[in-house]
Amino acid sequence: MFEFIYNILDFSFDLVIKDIKFENYILTGLTGVIIAFAVINGVLGGVLALIWGERRLLGRFQQRTGPNRWGPQGILTSTADAVKVMFKEDIVPEEADRYIFNVAPLLLVIPVFIIFSVIPFGISLYAVDINVSALFILAITSISGLSIICAAWASANRIAIFSALRSVAMLISYEIPVGLSLVGILLICESMSVMDIVIYQKIPFIFIQPVAAIVFFLGSLAEINRTPFDLTEAESELAAGYQNDYSGMKWGLFYLGEFAAAIAAATVFSTLFLGGPNGPFLPGIFWLTVKVVAVLFFIIWIRASWPRFRIDQVLNLAWKGLFELTLVNIIVTSIAVIIWTDGESNRLIYIGLANWVFAFPFVILIFKMLKTSNYKNTNKESMTYPIGSDTPKFIKEKIK
Amino acid sequence: MIGFGLIKGLSVTFRNLFSPVFTVQYPDKRVGVFGLAKSKNKSVFELLKEEPKQILYAILGLAKVKVKNDQFPRFRGNEFVWYDDRCTACASCAKYCPLGIIEIVTHASGENLQAGENYAIDKFDIDTGRCMFCGLCVEACPYDALHMGTDFERGNYHRAKLVLDKETLISQDKNPSSWFRPQFEEKEYNPWASNLSDYKEAGRHEKPSDEKIKQNWVNKRKFNG
């Protein structure tokens, strides 16, 4: 995409102004501005649509209508909200560290937009192609933790600090499984470039690396602080968490950053595991959009269905469950990669089969060891009832 | 089986996604093409022929339909229904009113002494701004001239406009509530479906005939025995 726009600019400048010769860096800069403008505005529009879609879908999941007043099907609701947020009063607490307090929201938003620079929207439609872009994505996403702890520390609020500590603990824990879950893919592709990974995905990697896909998806949910890992904003315990003292457009930036991060996570997941822009007949951008929307729908569906983890459960899951799963995945994949070397026909299918047979059973095994599956074998006599209601006698008799 | 609980939770919410919503939209509701056609008692093709613009609005989700939420017929609304032909100006309602908000002024009419029209009514004001809708005036009326109403969308910026005077009471749509008026319930009268402008239909419920009373008495014993 870069060269395409660059050439068009070069050509058009030549047509208009013949005498002046433009330096290369001016054209490069202009091309960058155009691409950044398109991507940032696309993501911002996506965030507005996502906020509306999430409220609307959550409504439907709970048998409500959701917002449907403002515009067709209520699609202008989030626009109205954005305008409202812009005109709200901006309050900074007296004891706050003003500089860090003001910088923190930007630290959350900017990295999210940077992620989109390495995402291929089509087979030749990308802003930059770094040869280590998978690593780049992992590195950039962890800046959000810095932003959250900056915000909490600067606002001098103990509740915010609790929230930020939880967030950072979660980020540190989940960074490792997320990073290691990509190793399997990198072994298969023998490249760290997202572009290469996309080209290599004749079959989506979710079918070839099921364990890695599960771990990566859960890990990215934790990194963007979404349900079931949204304990940084557990309303009943921490009010709004690290955003407690923010108001106006600074709060709006946090909100924007969170939803943009959700889009970014869905995009990265669909690029690495669902084949990205690969698809028959239609252009790549269409298939990428379809996949991103599907992943976002699943994220919202999870939010409507599953309860929130406790902090110790979250860390247990990361260190005792997902971390081991990634190690198993790496071992199985690396052995499979050695056996079926590059260039062999049906290589991906064999590696996938090996993963399903040898790695996937470990998901069940490890979660059995974590004792998360006592759903079926519930001891009915020890079942607890809501606080404030002693178990009535007739229920006790019924259980027996 | 591991993960079964998670999948079960997801399936519950997924079923909810396609079930009808409980939200009651008021005062208007957004409808689609089929909802719009249904509200106008037409088929979609008829609507397409007559009002293609409306169909476009409905597809965009901009079509609105006015909603009138039906209460129970005994609902006591923020208005009164008064039949001046039935009223004898006895002022029972004014005497029973605990807040004293009904004002009645009469003069001797000098005609139809037998028909209960000794007095002609000059003024019949009910200040609904101070009314607490206890309904004692309706209970007190010996000739069923005064009824509770069913309208409740009478919000106003001026207290003076909340006073129902004689002219408004006569000219307004008459949708009496069936509160303390069993004759309406016997006829299964629905205040939101029909306009009861004829005072003769709003009358007292008739005393059941002797045979009917007898039959009722017998039926009661039968059931208990």
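Residues numbered from 1 in each chain as written. Chains lettered and ligands numbered in written order. Predicted model: local features only at pLDDT ≥ 70, side-chain atom pairs only at ≥ 80, totals over all residues.

### Looking at the overall build of chain A
At step 1: In terms of helices and strands, chain A carries 17 helices and zero strands.
At step 2: Taking all 400 residues of chain A together, 37% fall into the buried category.
At step 3: In chain A, once contacts between residues fewer than 6 apart in sequence are set aside, the share between residues at least 24 apart is 77%. (Helix = DSSP H or I, 4+ residues; strand = E, 2+ residues; numbered from the N terminus. Buried ≥ 20, exposed ≤ 12 C-beta atoms within 10 Å, placed from the backbone. Contact = placed C-beta atoms within 7 Å.)

### As for the overall build of chain B
At step 1: When you go through chain B residue by residue, the secondary structure sums to nine helices and seven strands.
At step 2: Projected onto its principal axes, the C-alpha coordinates of chain B cover approximately 85 × 60 × 40 Å.
At step 3: By residue count, 19% of the 225 residues in chain B fall in the buried class.
At step 4: A fraction of 70% describes how many contacts in chain B between residues 6 or more apart in sequence connect residues 24 or more apart.

### Side note on the sheet that holds strand β4 (residues 102-108) of chain B
At step 1: Reading across from one edge, β4-β5-β7 (chain B) is the order of the three strands in this open sheet, with antiparallel pairing throughout. Edge positions in the sheet fall to β4 and β7 (163-164) of chain B, since each has one partner strand and no second. (Pairing = 2+ DSSP bridges.)

### So, helix α6 (residues 143-154) of chain A
Residue and element names in this part refer to chain A.
At step 1: The terminal C-alpha atoms of α6, which comprises twelve residues, lie 17 Å apart, in line with the 16 Å expected from a rise of 1.5 Å per residue.
At step 2: Judged by how many residues are buried, α6 sits mostly within the fold: nine of twelve residues are covered.
At step 3: Contact partners of the buried residues in α6: α4 (98-115), α5 (133-141), α7 (158-189) and α12 (248-272).
At step 4: Backbone geometry just downstream of α6 places Ala156 in the positive-phi region, at approximately 50°. (Expected span 1.5 Å × (residues − 1).)

### Considerations on the interface of chain B and chain A
At step 1: Taken together, the 18 residues of chain B in the interface contact 19 residues of chain A.
At step 2: Element by element, the count of residues in the side of chain B that touches chain A is highest for helix α1 (residues 4-17) of chain B, at eight residues.
At step 3: Grouping the constituent residues of the side of chain B that touches chain A by class yields ten nonpolar, seven polar and one charged. (Nonpolar A, V, L, I, M, F, W, Y, C, P; charged D, E, K, R; others polar.)

### Let's talk about the domain arrangement of chain B
At step 1: For chain B, the assigned domains read domain 1 (23-69) and domain 2 (80-202).
At step 2: Taking only C-alpha atoms into account, the centre of domain 1 of chain B sits 37 Å from that of domain 2 of chain B. (Domains from an automatic or database assignment.)

### Let's talk about the packing of α4 of chain A against α6 of chain A
Residue and element names in this part refer to chain A.
At step 1: Look at α4 against α6: their axes get within 8 Å of each other, and the N-to-C directions meet at 160°. Here α4 is positioned roughly antiparallel relative to α6, judged by the angle of their axes. Regarding α4 and α6, the two cross each other, and that crossing is left-handed. Where α4 approaches α6, its residues Ile100, Phe101, Val103, Ala104, Leu107, Leu108 and Pro111 are matched on the opposing element by Ile143, Ser144, Leu146, Ser147, Cys150, Ala151 and Ala154.
At step 2: Residues belonging to the contact of α4 with α6 are distributed by class as follows: twelve nonpolar, two polar and no charged. (Axes fitted to C-alpha atoms, helices over the stretch in contact; angles between N-to-C directions. Parallel < 35°, antiparallel > 145°, perpendicular 65-115°, else oblique. Left-handed = near helix turned anticlockwise from the far one by under 90°.)

### Quick word on the domain arrangement of chain A
Residues and elements named next belong to chain A.
At step 1: What the domain assignment lists for chain A is domain 1 (1-80) and domain 2 (88-373).
At step 2: The distance between the C-alpha centroids of domain 1 and domain 2 comes to 23 Å.
At step 3: Counting residues at the interface gives 15 residues for domain 1 and 15 residues for domain 2.
At step 4: Residue composition of the side of domain 1 that touches domain 2, by class: twelve nonpolar, two polar and one charged.

### What about the confidence of the model for chain A?
Residue and element names in this part refer to chain A.
At step 1: The share of residues in chain A with pLDDT of 70 or more is 89%, and the mean pLDDT across the chain is 82.
At step 2: Within the model, the stretch residues 373-377 combines pLDDT values under 50 with six contacts to residues more than four positions away or in other chains.
At step 3: Low confidence marks residues 385-389, where pLDDT is under 50. Its contacts with residues over four positions away, or in another chain, come to one contact. (pLDDT = per-residue confidence, 0-100.)

### Some words on the confidence of the model for chain B
All names here are of chain B.
At step 1: Taken residue by residue, chain B gives an average pLDDT of 84. The fraction at 70 or more is 95%.
At step 2: Mean pLDDT values for the elements of chain B range from 79 in helix α2 (residues 33-39) up to 92 in helix α5 (residues 92-96).
At step 3: For this predicted complex, the interface score ipTM comes out at 0.72, alongside a pTM of 0.77.

### So, the packing of helix α14 (residues 311-339) of chain A against helix α16 (residues 361-369) of chain A
Each packed pair of helices is defined by two parameters, the angle between the axes and the distance between the axes.
All names here are of chain A.
At step 1: At a minimum axis separation of 10 Å, α14 and α16 run at an interaxial angle of 150°. Comparing their axes, α16 and α14 come out roughly antiparallel. Where α14 crosses over α16, the two elements pack in a sense that is right-handed. Note on element contacts: α16 touches α14 through Phe362, Val363, Ile366 and Phe367, opposite Gly321, Glu324, Leu325 and Val328.
At step 2: Looking at the contact of α14 with α16 residue by residue, the classes come out as six nonpolar, one polar and one charged.

### What about unusual backbone geometry?
With the exception of glycine, most residues fall at negative phi, and the peptide bonds are largely trans.
At step 1: Between Thr227 of chain A and Pro228 of chain A the backbone carries a cis peptide bond, its omega angle lying at 0°.
At step 2: One can find Pro228 of chain A in the loop between α10 (210-223) and α11 (235-238).
At step 3: The residue after Tyr26 of chain B, namely Pro27 of chain B, is reached through a cis peptide bond having omega 0°.
At step 4: Positionally, Pro27 of chain B belongs in the loop between α1 and β1 (28-30).
At step 5: Positioned with a positive phi, Ala89 of chain B is a non-glycine residue whose angle comes to about 60°.
At step 6: Positionally, Ala89 of chain B belongs in the loop between β3 (80-82) and α5.
At step 7: Owing to 21 C-beta atoms within 10 Å, Ala89 of chain B belongs among the buried residues under this scheme.

### Some thoughts on the pairing of strand β5 (residues 119-127) of chain B
All names here are of chain B.
At step 1: The sheet contact formed by β4 and β5 spans seven bridges and is antiparallel. In the sheet register, His107 faces β5, and the bridge partner there is Ala120.
At step 2: Here two bridges tie β5 to β7, and the two strands are oriented antiparallel to one another. Within β7, the residue paired with Ile126 across the bridge is Leu164.

### A few points about the environment of Pro27 of chain B
At step 1: Exposure remark for Pro27 of chain B: the 10 C-beta atoms within 10 Å place this residue in the exposed category.
At step 2: Linking Pro27 of chain B and Gln183 of chain B, residues 156 residues apart in sequence, is a C-alpha distance of 31 Å.

### Examining the nonpolar core
At step 1: Core analysis: the largest hydrophobic core is formed by 91 residues, its most contacted members being Phe259, Ala260, Ala262, Ile263, Ala264, Ala266 and Phe269 of chain A.
At step 2: The residues contacting Ala264 of chain A, other than those within four sequence positions of it, are Val112, Ile115 and Phe116 of chain A.
At step 3: Trp82, Cys87, Val138 and Ala202 of chain B belong to the second largest nonpolar core, which has 22 residues in total. (Core = buried A, V, L, I, M, F, W, Y, C linked by C-beta atoms within 7 Å.)

### Overview of the environment of Thr150 of chain B
All names here are of chain B.
At step 1: The residue Thr150 is located in the loop between β6 (146-148) and β7 in this model.
At step 2: Taking the number of C-beta atoms within 10 Å as the measure of exposure, Thr150 has 26 and is therefore buried.
At step 3: Note: C-alpha distance between Thr150 and Gly77 (73 residues apart in sequence) is 4.4 Å.
At step 4: Not counting residues up to four positions away in its chain, the partners in contact with Thr150 are Gln71, Phe75, Gly77, Asn175, Ser177, Pro191 and Trp192.

### Some details on helix α15 (residues 347-359) of chain A
Residue and element names in this part refer to chain A.
At step 1: When the terminal C-alpha atoms of α15 are compared, their 17 Å separation across 13 residues agrees well with the 18 Å that a helix rising 1.5 Å per residue should span.
At step 2: Taken as a whole, α15 has its buried residues at Ile351, Gly352, Asn355 and Ala359. Taken end-on, α15 shows its buried residues confined to a sector of 100°, consistent with a single buried face.
At step 3: In this fold, the buried residues of α15 make contact with α7, α9 (205-208), α10, α14 and α16. (Arc of directions from axis to C-beta.)

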